[in-house]
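Working through the structure, step by step
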Amino acid sequence: MSSALWQRLQLKLPVIQAPMAGGATTPQLVAAVSAGGGVGFLAGAMLAPEQIRQEAAKIRGLTDRPFGINLFIQEPPAPDDAELELALRLLAPWHIELGLPPPAAPERYCQPFGQQFEALLELRPALASFTFDILDGKQMQALKQAGILVVGTATNLAEGLAWARLGADAVCAQGREAGGHRGTFIGPQEQSLRPMLSLVYELAQNLPVPVIAAGGIMSGKDIAGAMRHGAQACQLGTAFLRCPESAISQPWKYGLAAAKAGATRLTRAFSGRMARGLDNRYMEEMAQWQDQLPAYPVTNALTGPMRAAASKVGRSDMMSLWAGEGVAQARELPAAELMGQLLLEWQAAYR
Ligand SMILES: Cc1cc2nc3c(=O)[nH]c(=O)nc-3n(C[C@H](O)[C@H](O)[C@H](O)COP(=O)(O)O)c2cc1C
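Summary of the structure given here. (Residues numbered from 1 in each chain as written. Predicted model: local features only at pLDDT ≥ 70, side-chain atom pairs only at ≥ 80, totals over all residues. Heavy atoms only, no water.)

Some words on the pattern of salt bridges
One pass over the structure, following the stated rule, counts 18 salt bridges. R53 is the partner of E50 in a salt bridge, and the nearest nitrogen-oxygen pair spans 3.1 Å. Here E50 and its partner R53 are both found in helix α3 (residues 49-62), three residues apart, which amounts to about one turn of the helix. The class of R53 is partly exposed, set by a relative accessible area of 24%. E97 is paired through a salt bridge with R281; the nearest N and O atoms lie 2.5 Å apart. (Salt bridge = Lys/Arg side-chain N within 4 Å of Asp/Glu carboxyl O. Helix = DSSP H or I, 4+ residues; strand = E, 2+ residues; numbered from the N terminus. Buried < 20%, exposed > 50% of the residue type's maximum accessible area, 1.4 Å probe, protein only.)

Here we look at the side chain of N156
The residue N156 is located in the loop between β5 (149-154) and α7 (157-166) in this model. A polar side-chain atom of N156 sits 3.3 Å from the main-chain amide nitrogen of A158. With residues up to four places along the chain from it excluded, the contact list for N156 reads T184, I186, S192, L199 and L203. (Polar contact = N/O pair within 3.5 Å; in protein donor to acceptor, adjacent residues only side chain to side chain. Contact = heavy atoms within 4.5 Å.)

Comments concerning the site of the ligand
Taken together, 22 residues sit near the ligand, with P19, N70, G216, G237 and T238 positioned nearest. The backbone of A21 places a nitrogen or oxygen atom 3.1 Å from an oxygen atom of the ligand. For the ligand, a nitrogen atom lies 2.8 Å from a polar atom in the side chain of N70. Burial of the ligand by the protein amounts to 97% of the accessible area it has alone, namely 590 Å². Secondary structure elements with two or more residues in the shell around the ligand: β3 (67-72) and β9 (233-236). The residue makeup of the shell around the ligand, split by class, is 10 nonpolar, 11 polar and one charged. (Near = heavy atom within 4 Å. Areas by Shrake-Rupley, 256 points an atom, 1.4 Å probe, with all protein chains shown as cover. Nonpolar A, V, L, I, M, F, W, Y, C, P; charged D, E, K, R; others polar.)

Focus: the packing of helix α5 (residues 113-123) against helix α6 (residues 137-145)
At a minimum axis distance of 10 Å, the contact between α5 and α6 shows a crossing angle of 20°. When the axes of α5 and α6 are compared, the pair comes out roughly parallel. As α5 runs across α6, the sense of the crossing is left-handed. Contact residues: F113, F117, L120 and L121 in α5; Q139, A142 and L143 in α6. Taken together, the residues of the contact of α5 with α6 break down into six nonpolar, one polar and no charged. (Axes fitted to C-alpha atoms, helices over the stretch in contact; angles between N-to-C directions. Parallel < 35°, antiparallel > 145°, perpendicular 65-115°, else oblique. Left-handed = near helix turned anticlockwise from the far one by under 90°.)

A closer look at the state of the cysteines
This model, assessed by the stated rule, comprises zero disulfides. Its sulfur unpaired, C172 is 9.5 Å from the next cysteine sulfur, which belongs to C234. (Disulfide = S-S within 2.5 Å.)

Focus: the packing of aromatic side chains
Using the criterion set out here, one finds 10 aromatic pairs in the structure. For the ring pair F72 and F132, a centre distance of 4.1 Å and an interplane angle of 25° mean the geometry is stacked. Separated by 60 residues along the polypeptide, F72 in strand β3 and F132 in the loop between β4 (127-131) and α6 bring together distant segments of the chain. Residue F132 is classed as buried on the basis of its relative accessible area of 6%. Look at F130 and W163: their rings are 6.4 Å apart centre to centre, the planes differ by 15°, and that puts the pair in the stacked class. With a gap of 33 residues between them, F130 in strand β4 and W163 in helix α7 connect regions that are remote in the sequence. W163 carries the same exposure label as F130, and that label is buried. An aromatic cluster is present here, built from W94, F270, Y282 and W322 joined pairwise through their rings. (Phe/Tyr/Trp six-rings, centres within 6.5 Å; stacked < 30°, edge-to-face > 60°.)

Take a look at the structure:
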């Protein structure tokens, strides 16, 4: 990152804690990462505008260091009857297995992006990052006027160029190793699966803005490797999932603790958008249908009750256990200690 950005974010270590919707990123995690010399992110995507305000207030109660807010750019979907009917039929047996009433279409598939965006503008975090699509010129201008640094997520060169052209302050290059959902918005998702180092190198060579590396970065040595390929900072998600400050469910944490290398796979079956998580029975059995399920956020909302119920009774075979390819190297450490170790390893990598 340019030294101006480093100064704005008061970085001692080029670590950005990835926004992780679904419970992982608590105010305590954000504050601990910031205190450790990195920058933390509030994952706002699944939160109502009022909850985003409350979480930001909690973060500000714990730290006066800069932090970011992340949103998914999305419009309310309008699924057609046939795809909805197929999805409900495919989910029915899983509901029976869990003793749940039959699946049904919810009143609303996602939070209202426009109102979330308004809340973000009003809160004026140091950073705002976006995924799943790109902003329009007016929204970008509003962020600039509010003095907020903007990071756009890219999984290929065309997306990186689009964000740079729009005026983003940095682009987050999401490699195929990354845990959670893929941000692809130009071209087919299966053609935007470049390994992190090669994507970072390509974007760093071609974009006029700083590149942030994301995907499979688990150690200080990995950070140094990504920086050698042109990254100016690194965004780590999976590395923080096992921290006590991460509020993901116990079955998810147990799955992470037991995971071996190669334990993850990409799937569309939970949400209608490609995402990486620990391989399980639901992913395997639904793989044959995943391309016919409605696009995100429809399938994500439809599988919500199943995933929540499975989590309550410890049925990890029906949960979305998002994690990246580096999961076997995730450490069960308080975030402050993890930041300390990353700093030492990063410094050692340059010696
Ligand atoms: C559990 C989980 C949830 C995630 N949620 C979000 C999110 O809400 N917004 C976002 O931009 N990226 C999200 N991501 C992706 C991260 O921003 C980042 O690309 C990824 O964590 C990097 O790969 P790594 O997990 O191997 O470190 C999520 C990742 C994980 C593991």
